[in-house]
Amino acid sequence: MTAPRPADRTERKSLGRPSLPERTFILDALRTETVGGVLLLIAAIAALLWANLPGLHTSYETVSDFSLGPATLGLHLSVAHWAADGLLAIFFFVAGIELKRELVAGDLRDPRAAVLPVVAALCGMAAPAVVYSLTNLTGGGSLAGWAVPTATDIAFALAVLAVIGTSLPSALRAFLLTLAVVDDLFAILIIALFFTDSLNLAALGGAAAGLAVFWLLLRQGVRGWYVYVPLGVVIWGLMYNSGVHATIAGVAMGLMLRCTRREGEEHSPGERIEHLVRPLSAGLAVPLFALFSAGVSLSGGALADVFGRPETLGVVLGLIVGKTVGVFGGTWLTARFTRASLSEDLAWADVFALATLAGIGFTVSLLIGELAFEGDAHLTDEVKASVLCGSVIAAALATVLLRIRNARYRRLCESEERDEDLDGVPDVYEDDDPAYHLRMADIHERKAAEHRRIAAEKAAERARQGAEVPGGASEQKDSPA
């Protein structure tokens with residue numbers, strides 16, 4: 001006789017609703033990112049107009065190429081270079097804090113929960129690279145741009161959501177944000193490993209020493225922007241001169257911040273600093289980078305070249321096909337082999353639409369495009385145009401797919417926001433709390449008592465009206481037809 005099989009463990013849900021603290025953090029972060037994304041769109045459109053309108057494109061090139069900064073320190077850079085290497089360091093500083101918070105206090109802290117976004121992000125970066133490589137191997141193009149379509153731009157994606165008016169449930173928003181954080185991490189590693197040609201060991205050692213001082217000051221509890229901002233600028237300058245991309249300095253400093261709360265703290269130092277710096281990153285640094293990076297020629301010939309040259313076609317297909325297949329396939333495989341079922345509130349069509357949205361690669365893709373084809377200005381501009389085209393097509397496809405399910409999303413969002421007991425906590429997060437059900441019972445009892453009172457008043461009023469009718473109802477019944 002076969003021994004009875006032990007009971008399976010409780011089935012785990014993929015893309016389930018995040019915890020209440022995580023949901024609160026995500027909503028606050030995405031609110032800022034959405035505003036920044038709209039500014040990013042405006043900056044990209046302004047750059048395209050500035051670079052393509054007759055009489056203005058010359059001034060665009062003049063401003064972009066204007067150089068400033070101390071030459072003795074190796075920092076006499078063009079405005080476009082300052083935007084790419086300087087301002088984006090702020091963006092990557094925030095990305096470092098986000099990654100640290102996810103690792104110590106967010107979804108990535110739990111290995112079981114971290115598997116899904118990590119695998120989805122890895123597949124979502126590997127598949128575009130494969131699609132790009134295959135396109136260029138068959139077309140005889142350069143493999144140098146394999147990393148261009150691997151990054152997802154969370155701000156651009158959220159701007160698209162804001163424009164089309166789609167309200168994603170918190171589970172999908174949490175997955176999108178965590179996916180973007182992991183995506184940023186691997187993009188940083190790609191930049192550090194594959195786009196460092198030569199090293200200045202003295203400058204690199206100085207940057208490492210500066211980071212050590214930064215870490216020690218944090219551990220000693222030293223506070224004050226006037227200490228950390230000058231130190232951060234020195235570390236950034238040394239990192240730039242070391243040959244390692246300067247944005248790595250921003251990531252390293254972000255990862256050093258403490259993102260766990262101690263007793264008596266409402267927010268950790270990392271959360272406080274992120275709250276202060278994120279608007280600067282989303283509202284100034286990234287839009288200015290877009291302004292001086294997205295200004296490429298969009299003539300008919302240039303757009304035709306995007307789909308006729310293997311390097312640029314590989315970028316477009318990588319963003320549209322590679323990202324969608326990679327993110328969706330990684331999510332499905334994770335659910336399949338970890339015995340995790342999709343949350344009952346969602347369908348695989350929602351995951352596919354989100355995977356399509358992940359094909360919007362803008363900020364980091366533009367940066368990698370500049371690094372991959374440095375020295376070939378014409379090809380760099382064409383690759384930038386292909387990033388724009390691929391992102392726009394991915395955004396259009398995601399818009400169509402998400403709008404189909406928009407009514408469902410609105411109902412889910414309404415249920416997540418419902419707070420009938422008015423305690424400031426959505427009811428869906430209190431279903432296991434006996435006190436919540438007692439409060440609801442008291443509310444319904446008061447409502448029932450009020451309805452009984454109203455019913456009694458209406459019955460009494462109807463009885464009075466009946467008594468006031470002469471002869472009553474029998475008189476009408478006995479009258480001739």
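Remember, predicted model here, so these are calculated numbers, not experimental data.

## Observations concerning the overall build of the protein chain
Here is step 1: Helices and strands together make up the secondary structure of the protein chain, namely 18 helices and four strands.
Here is step 2: A buried classification covers 47% of the 481 residues belonging to the protein chain.
Here is step 3: The long-range share in the protein chain, meaning contacts at least 24 apart out of those at least 6 apart in sequence, stands at 78%.
Here is step 4: Carbon together with sulfur atoms contributes 64% to the accessible area of the protein chain, which is approximately 23,800 Å² in total.

## Some remarks on the confidence of the model for the protein chain
Here is step 1: With 88% of its residues at a pLDDT of at least 70, the protein chain reaches an overall mean of 83.
Here is step 2: Of all helices and strands in the protein chain, the one with the weakest mean pLDDT is helix 18 (residues 472-478) (49), whereas helix 7 (residues 201-219) scores best (93).
Here is step 3: Note on residues 1-10: pLDDT is under 50 here. Beyond four places in sequence and across chains, it has one contact.
Here is step 4: Scored below 50 in pLDDT, residues 473-479 shows one contact in the model against residues more than four places distant or in partner chains.

## A word on the packing of helix 6 (residues 170-194) against helix 13 (residues 348-357)
Here is step 1: Direction vectors running N to C along helix 6 and helix 13 enclose 35°, while the axes themselves pass 11 Å from each other. Helix-helix and strand crossings are classified by hand; for helix 6 and helix 13 the assignment is right-handed. Facing L172, F175 and L176 of helix 6, the residues of helix 13 in contact are D350, L354 and L357.
Here is step 2: Taken together, the residues of the contact of helix 6 with helix 13 break down into five nonpolar, no polar and one charged.

## Things to note about the packing of helix 2 (residues 57-65) against helix 10 (residues 269-293)
Here is step 1: Closest axis-to-axis distance for the helix 2/helix 10 pair is 10 Å, and the angle between their directions is 125°. In terms of their interaxial angle, helix 2 and helix 10 are classed as oblique. Between helix 2, through Y60, V63 and S64, and helix 10, the contact on the second element is made entirely by L291, F292 and S293.
Here is step 2: Along the lines of polarity and charge, the residues of the contact of helix 2 with helix 10 split into four nonpolar, two polar and no charged.

## Re the nonpolar core
Here is step 1: Of all hydrophobic cores here, the largest spans 111 residues; its most connected members are F92, L357, I360, F362, L367 and L402.
Here is step 2: With 13 residues, helix 6 is the single largest residue contributor to this core.
Here is step 3: Those residues in contact with F92, other than ones at most four positions away along the chain, are I188, I191, T247, G250, V251, V364 and L367.
Here is step 4: If you look at the next biggest cluster of nonpolar residues, it comprises six residues, including L75, L77, A89 and Y240.

## What to know about the environment of A355
Here is step 1: Within the secondary structure layout, A355 lies in helix 13.
Here is step 2: A relative accessible area of 0% places A355 in the buried class.
Here is step 3: The spatial distance from the C-alpha of A355 to the C-alpha of I320 is 9.4 Å, given a sequence separation of 35 residues.
Here is step 4: Residues in contact with A355, not counting those within four places in the same chain, are K323, T324, V327 and F328.

## Some details on the pattern of salt bridges
Here is step 1: Tallied over the entire structure, the rule returns 13 salt bridges.
Here is step 2: One salt bridge in this structure joins E271 and R261, with 3.1 Å as the shortest N-O distance. Linking E271 in helix 10 with R261 in the loop between helix 9 (247-256) and helix 10, this pair joins segments that are 10 residues apart in sequence.
Here is step 3: On the accessibility criterion, E271 (14% relative accessible area) is buried.
Here is step 4: Between R453 and E457 there is a salt bridge, and its shortest N-O distance comes to 2.5 Å. Taken together, the residues R453 and E457, both in helix 17 (residues 434-467) and four residues apart, mark about one turn of the helix.
Here is step 5: Look at the salt bridges and you will find they share partners, linking E98, E274 and R278 into a network.

## Side note on a nonpolar patch on the surface
Here is step 1: Taken together, the side chains of V35, V38, L39 and I42 make up a nonpolar region of the molecular surface, amounting to roughly 310 Å² of accessible area.
Here is step 2: Relative to the helices and strands, V38 is located in helix 1 (residues 20-52).
Here is step 3: Residue V38 is classed as partly exposed on the basis of its relative accessible area, which comes to 33%.

## A closer look at the packing of aromatic side chains
Here is step 1: Under the counting rule described, the total for this entry stands at 11 aromatic pairs.
Here is step 2: With a centroid separation of 5.3 Å and an interplanar angle of 75°, the aromatic rings of F214 and Y228 are classed as edge-to-face. Here the residue F214 occupies a position in helix 7, and Y228 occupies one in helix 8 (residues 225-242), the gap between them amounting to 14 residues.
Here is step 3: Ring centres 5.6 Å apart and planes at 75° place the aromatic pair F328 and F352 in the edge-to-face group. Residue F328 is located in helix 12 (residues 310-337), and its partner F352 is located in helix 13; the two are separated by 24 residues in the primary sequence.
Here is step 4: We classify F352 as partly exposed; its relative accessible area is 38%.
Here is step 5: One residue, R336, lies across the ring of F337, its end atom 5.5 Å from the ring centre.

## Examining helix 14 (residues 363-372)
Here is step 1: Here helix 14 lies mainly inside the structure; nine of its 10 residues are buried.
Here is step 2: Where helix 14 is concerned, the buried positions are T363, V364, S365, L366, L367, I368, G369, L371 and A372.

## Digging into the environment of A84
Here is step 1: For A84, the location among the structural elements is in helix 3 (residues 79-104).
Here is step 2: Spatially, the C-alpha atom of A84 lies 5.9 Å from that of F289, the residues being 205 residues apart in sequence.
Here is step 3: In contact with A84, other than residues within four places in its own chain, are H245, T247, F289, L367 and E370.

Definitions and limits used
Residues numbered from 1 in each chain as written. Predicted model: local features only at pLDDT ≥ 70, side-chain atom pairs only at ≥ 80, totals over all residues. Heavy atoms only, no water. Helix = DSSP H or I, 4+ residues; strand = E, 2+ residues; numbered from the N terminus. Buried < 20%, exposed > 50% of the residue type's maximum accessible area, 1.4 Å probe, protein only. Contact = heavy atoms within 4.5 Å. Areas by Shrake-Rupley, 256 points an atom, 1.4 Å probe, with all protein chains shown as cover. pLDDT = per-residue confidence, 0-100. Axes fitted to C-alpha atoms, helices over the stretch in contact; angles between N-to-C directions. Left-handed = near helix turned anticlockwise from the far one by under 90°. Nonpolar A, V, L, I, M, F, W, Y, C, P; charged D, E, K, R; others polar. Parallel < 35°, antiparallel > 145°, perpendicular 65-115°, else oblique. Core = buried A, V, L, I, M, F, W, Y, C linked by side-chain atoms within 4.5 Å. Salt bridge = Lys/Arg side-chain N within 4 Å of Asp/Glu carboxyl O. Patch = residues over 30% accessible without salt bridge, like charges linked within 9 Å, V, L, I, M, F, W, Y side chains within 5 Å. Phe/Tyr/Trp six-rings, centres within 6.5 Å; stacked < 30°, edge-to-face > 60°. Lys NZ or Arg CZ within 6 Å of the ring centre and 35° of its normal.

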